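Secondary and tertiary structure notes
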Number of protein chains: 2
Amino acid sequence: MAMALALFNAEGEPNVTTNRIAEELEISPGNLHYHFRTKSDLIEALFALFEQRMLELLATPDERQPNIEDIWLFLHLCFETIGDFRFFYRDLTDLCARHRGLHQRFRGILNLSMDTARGLMTGLADAGQLEADRQEMSGLVRNIVLVSTCWLAFDQVIERDGEGRPDRAVWQVMSLVSPYLVGEARQQLAALATQYQTGF
Amino acid sequence: MAMALALFNAEGEPNVTTNRIAEELEISPGNLHYHFRTKSDLIEALFALFEQRMLELLATPDERQPNIEDIWLFLHLCFETIGDFRFFYRDLTDLCARHRGLHQRFRGILNLSMDTARGLMTGLADAGQLEADRQEMSGLVRNIVLVSTCWLAFDQVIERDGEGRPDRAVWQVMSLVSPYLVGEARQQLAALATQYQTGF
């Protein structure tokens, strides 16, 4: 599956046929067909791998009081996973339209992402590091998940050399949180931003 | 072209053939072919209409000191235009990959959107209604254009009954600006948000 994933990521899933994958693997199309009856089966198997990594990741950050560096690192891991399966994120609407089952599961990942984002933001608020009223909090949480989900596609449309670098994505998401931070967290983010701007 | 636009919006452009469009128009495929040699020609003609509306819209808000109600209305007009041509926004990456010329022109629209967003935010800052440092301003401007561009696709993936209502989109974008507002502008947005929540 690593070969199929690499080809889908590099050339876009609609542009890669199963024959092409078999060719790159130096096996017969019949042999590939034996393992994955259709391209949809292959896409679903890759989605299951992606889903497992995302669900594991989204389940982790609950354990202790969050701080800005933890959140930065957590987002970095999220964007690495998104980058590893970036073909899903390039044509999300198309993917969801063509595979109804995946649409539901992807919606599940997004809703869980909202819960995780809300948990992290509430954790910061409880620790006196973030100030936002109920309405601001709900807008913030949705924007965090929207920007995280769409960043890659947007970057590829707007940048001439959009490489989808995770640190740029993390910064873009953290800039949503930044105006709500108070106290120590605000200084921590400013320090991380400086490191980020100098390329670490 | 109105028929083609309606079909593309309702069913997604890849799912609508030129034969289907001819059938709905009750003309022969040959007749349609006479006007638009390929589906790409038709897409390009629709893009030219969309581009013209967006460029006119993006050129307007420079004339006087912006206030929150003007910006809210301006965003509403933008999202109405996006809604009218929503098939472009559903599969932006795919569209840009298949039509290199449109990719460049779409990037032009996004860059102009960034200039307009920056102009509006700087206008608020100059009027003492917004406080943001250089780095915050640059993150804010990019997030405004990212959320505006991706809102429709994101809403369709996450909502069961995503109707892409402009006022929800406007609110999502204004929630990016909200924490930077000070003074009168902050109260104006709060009043608009209340109206928005009660459905106007």
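Residues numbered from 1 in each chain as written. Chains lettered and ligands numbered in written order. Predicted model: local features only at pLDDT ≥ 70, side-chain atom pairs only at ≥ 80, totals over all residues.

1. So, the overall build of chain A
So the rule is basically this: Only DSSP runs of H or I covering at least 4 residues are called helices, and only runs of E covering at least 2 are called strands; the numbering of each starts at the N terminus. Contact criterion: two residues are in contact if their C-beta atoms, reconstructed from the backbone, are within 7 Å.
Along its length, chain A carries 11 helices and 0 strands. Counted from the first residue to the last, chain A has its helices and strands arranged as α-α-α-α-α-α-α-α-α-α-α. Oriented by its inertia axes, the alpha-carbon framework of chain A measures out at about 60 × 35 × 25 Å. In chain A, the proportion of contacts linking residues at least 24 apart, taken out of those at least 6 apart, comes to 68%.

2. What to know about the relation of the copies chain A and chain B
Operational definition: All copies are superposed by least squares; the fitting set is the C-alpha atoms of residues with a pLDDT of at least 70 in both.
Each copy of the sequence occupies a distinct position, and chain A is placed on chain B by a rotation of 180° and an axial shift of 0.0 Å, giving an RMSD of 0.0 Å. Taken together, the rotation and translation describe the operation of a two-fold axis. A share of 100% of interface residues in chain A that are also interface residues in chain B marks the association as one of identical surfaces.

3. Considerations on the domain arrangement of chain A
All names here are of chain A. Just so we agree on the cut-off: Annotation comment: domain bounds sourced from an automatic or database domain assignment. Basically, the charged four are Asp, Glu, Lys and Arg, the nonpolar ten are Ala, Val, Leu, Ile, Met, Phe, Trp, Tyr, Cys and Pro, and anything else, Gly included, counts as polar.
The domain architecture assigned to chain A consists of domain 1 (1–37) and domain 2 (44–197). Each of domain 1 and domain 2 was reduced to a C-alpha centroid, and the two centroids are 30 Å apart. Of the residues assigned to the side of domain 1 that touches domain 2, the class counts are 5 nonpolar, 2 polar and 1 charged.

4. Remarks on the interface of chain A and chain B
Chain A puts 32 residues into the contact, and the matching count from chain B is 32 residues. When residues of the side of chain A that touches chain B are traced back to their parent elements, those giving at least two are α7 (92–98), α8 (100–126), α9 (134–158) and α10 (166–177) of chain A. In terms of residues, the side of chain A that touches chain B owes the most to one element, α9 of chain A, which gives 14 residues. Looking at the side of chain A that touches chain B residue by residue, the class counts come to 16 nonpolar, 10 polar and 6 charged.

5. Quick word on α10 of chain A
All names here are of chain A. Formally: The span one expects for a helix is its residue count, reduced by one, times 1.5 Å. Note on burial: count the other C-beta atoms lying within 10 Å of the residue's C-beta; 20 or more is buried, 12 or fewer is exposed, in between is partly exposed, and C-beta positions come from the backbone.
The end-to-end C-alpha distance of α10, which contains 12 residues, comes to 17 Å, matching closely the 16 Å that a straight helix rising 1.5 Å per residue would cover. Of all 12 residues making up α10, 9 are buried, and the element is well covered by its neighbours. Along α10, the positions that sit buried rather than exposed are A169, V170, W171, Q172, V173, M174, S175, L176 and V177.

6. Let's talk about unusual backbone geometry
Phi is positive for E26 of chain A, which is not a glycine, with a value near 55°. With respect to the helices and strands, E26 of chain A occurs in the loop between α2 (18–25) and α3 (29–35).

7. Here we look at the nonpolar core
Worth spelling out the cut-off: Buried Ala, Val, Leu, Ile, Met, Phe, Trp, Tyr and Cys residues form a nonpolar core when they are connected through C-beta atoms within 7 Å.
Formed by 111 residues in total, the largest nonpolar core has its most connected members in V147 and C150 of chain A together with V147 and C150 of chain B. For C150 of chain A, the residues in contact, after removing those within four places along its chain, are L146, C150 and F154 of chain B.

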